[in-house]
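Close look at the chain arrangement
Below, each chain spelled out in residue letters.
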Amino acid sequence: MEDNRDLARRQFGAHAEEYVKSVHHAKGESLDRLIALTAPRPEWRALDVATGGGHTALALAPFVREVVATDLTPQMLAAAREFLRSKAVRNVEFREADATALPFSDSEFDLATCRIAPHHFHDVGRFVRELFRVLRPGGIAVVIDNMVPEDRESAEYINSFERLRDPSHNRSYTESEWIRFFQEAGFGGLHVEFFRKARDFEVWTKMLSVDEVTKERLRSMLADAPPRARYALAPEEKSGALRFFLDELLIRGAKP
């Protein structure tokens, strides 16, 4: 995959506040399930990779001793720090870090999470191996991200659609690819769940200040999608507004 880290820094640095305010990132069924499936404990030290607006770190903070929230983008970390301070959260530390080269020793954390971010990473296999490395034996990793169909044509079409809106998008993966990443890293006890998330087209494009020409191209891609990609995206007009759907995967694994 292409190394797009500099592009991601610029993209997210310019739109950090939008991610703090994003309803899609702030809450949702998958975030609730992350908490339920990990059952975090008061003595735990947790790591949240690519924290973005800090919403997952905020959800974890009441349950654990400490959360270390990392992100590649300094502006995003600053926005997340300010957001959590406004919520009177005091047990979250912020660190600038590359998800594929985490600046932590082996076996430092009881829990590691990453939510709606790996589709930006240039080497997801290496990222999952890093999660495994920094967890203590018995530690838990949970990753939540957009997912594409196993059908290659549909997967490539949806990834191209996402990349047109956000050039820092690298690739969303299939369920089988995520299972392979976790198995090859050494995780056991895998558990997978799926979610469907509606996207309001105008809100989705406004988050990254997409220009009108690109918005028209995106609308055309939704309208002209091949049958299986169209089935996955399910574009529709509702109350005069265009919306579509993205599939989301949650995968949980334990370090033996």
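Reading guide: rules and limits
- Residues numbered from 1 in each chain as written.
- Predicted model: local features only at pLDDT ≥ 70, side-chain atom pairs only at ≥ 80, totals over all residues.
- Heavy atoms only, no water.
- Helix = DSSP H or I, 4+ residues; strand = E, 2+ residues; numbered from the N terminus.
- Buried < 20%, exposed > 50% of the residue type's maximum accessible area, 1.4 Å probe, protein only.
- Contact = heavy atoms within 4.5 Å.
- Areas by Shrake-Rupley, 256 points an atom, 1.4 Å probe, with all protein chains shown as cover.
- Axes fitted to C-alpha atoms, helices over the stretch in contact; angles between N-to-C directions.
- Parallel < 35°, antiparallel > 145°, perpendicular 65-115°, else oblique.
- Left-handed = near helix turned anticlockwise from the far one by under 90°.
- Nonpolar A, V, L, I, M, F, W, Y, C, P; charged D, E, K, R; others polar.
- Pairing = 2+ DSSP bridges.
- Right-handed = clockwise from strand over helix to strand, strands pointing away.
- Salt bridge = Lys/Arg side-chain N within 4 Å of Asp/Glu carboxyl O.
- 1 Å grid on protein atoms, 1.4 Å probe; cavity = no way out; pocket = protein on both sides within 12 Å on 5 of 7 lines; lining within 4 Å.
- Points joined across faces, edges and corners; volume = space filled by probe spheres on them.
- Polar contact = N/O pair within 3.5 Å; in protein donor to acceptor, adjacent residues only side chain to side chain.
- Expected span 1.5 Å × (residues − 1).
- Arc of directions from axis to C-beta.

Another point: the overall build of the chain. Helix and strand counts for the chain stand at twelve helices and eight strands. Sorting the 256 residues of the chain into buried and exposed places 57% on the buried side. Counting contacts in the chain only where the partners sit at least 6 residues apart, residues at least 24 apart contribute 76% of the total. Only carbon and sulfur atoms are counted for the fraction: they give 50% of the accessible area of the chain, which is about 11,300 Å².

Let us now look at the packing of helix α8 (residues 152-165) against helix α11 (residues 212-223). Closest axis-to-axis distance for the α8/α11 pair is 10 Å, and the angle between their directions is 165°. Here α11 runs roughly antiparallel to α8, going by the angle between their axes. Crossing angle aside, the handedness with which α8 passes α11 is left-handed. Residue-level inspection shows Y157, S160, F161, L164 and R165 of α8 in contact with α11, the latter providing T214, R217, L218, M221 and L222. Classifying every residue of the contact of α8 with α11 by side-chain character gives six nonpolar, two polar and two charged.

On to the pairing of strand β3 (residues 92-96), then. Bridge count between strand β2 (residues 66-71) and β3: five bridges; the pairing is parallel. Across the sheet, D71 pairs through a bridge with E96, a residue of β3. One crossover worth recording links β2 to the parallel β3 by way of helix α6 (residues 74-86), and it is right-handed.

Summed over all chains, the structure comprises 17 salt bridges. Where R180 meets E184, a salt bridge forms, and the shortest distance between an N and an O atom there is 3.9 Å. Of the two residues, R180 and E184 are both situated in helix α9 (residues 175-185); the distance of four residues between them amounts to about one turn of the helix. Overall, R180 belongs to the partly exposed group, its relative accessible area being 37%. Using a relative accessible area of 56% as the deciding quantity, one classes E184 as exposed. One salt bridge connects R196 with D247, and the closest N-O pair in it is separated by 3.1 Å. Placement of R196 in strand β6 (residues 188-200) and of D247 in strand β8 (residues 241-254) is noted, with a sequence separation of 51 residues between them. Exposure remark for R196: the relative accessible area of 40% places this residue in the partly exposed category. Residues joined in a network through salt bridges with shared partners are E202, E212, K215, E216 and R219.

Turning next to empty space enclosed by the protein. If a probe the size of a water molecule is rolled over the atoms, the empty space left behind becomes visible. Here the structure, examined in full by the defined rule, presents two cavities of 30 Å³ or more. The computed volume of the second largest cavity comes to approximately 40 Å³. In terms of lining, the second largest cavity is formed by M147, V148, P149, I158, R196, A232, L233, F245, L246 and D247. Elements with a minimum of two residues in the lining of the second largest cavity: α12 (227-233) and β8.

Note on placement: D151 falls in the loop between β5 (135-147) and α8. Of the residues examined, D151 reaches a relative accessible area of 22% and is grouped as partly exposed. Placed 23 residues apart in sequence, D151 and T174 show a C-alpha to C-alpha distance of 8.9 Å. In this structure the side chain of D151 is engaged in a polar contact, spanning 2.5 Å, whose partner is the side chain of S154.

The phi dihedral of I116 is positive, around 55°, even though this residue is not glycine. Residue placement: I116 occurs in the loop between β4 (109-115) and α7 (124-134). Since its relative accessible area comes to 10%, I116 is described here as buried. For S209, which is not glycine, the phi dihedral falls at a positive 50°.

At 3.6 residues per turn, the α-helix brings residues three or four places apart onto the same side. The end-to-end C-alpha distance of α11, which contains twelve residues, comes to 16 Å, matching closely the 16 Å that a straight helix rising 1.5 Å per residue would cover. Regarding α11, the residues found buried are T214, K215, L218, M221 and L222. Seen along its axis, α11 keeps its buried residues to an arc of 115°; they face one direction. Along α11, exposed side chains directed more than 90 degrees from the buried face belong to E212, V213 and A223. Check the buried side of α11 and you find it contacts α8, α10 (201-206), α12 and β8. The N-cap of α11, judged by a side-chain oxygen 3.1 Å from the amide nitrogen of V213 a few residues on, is D211.

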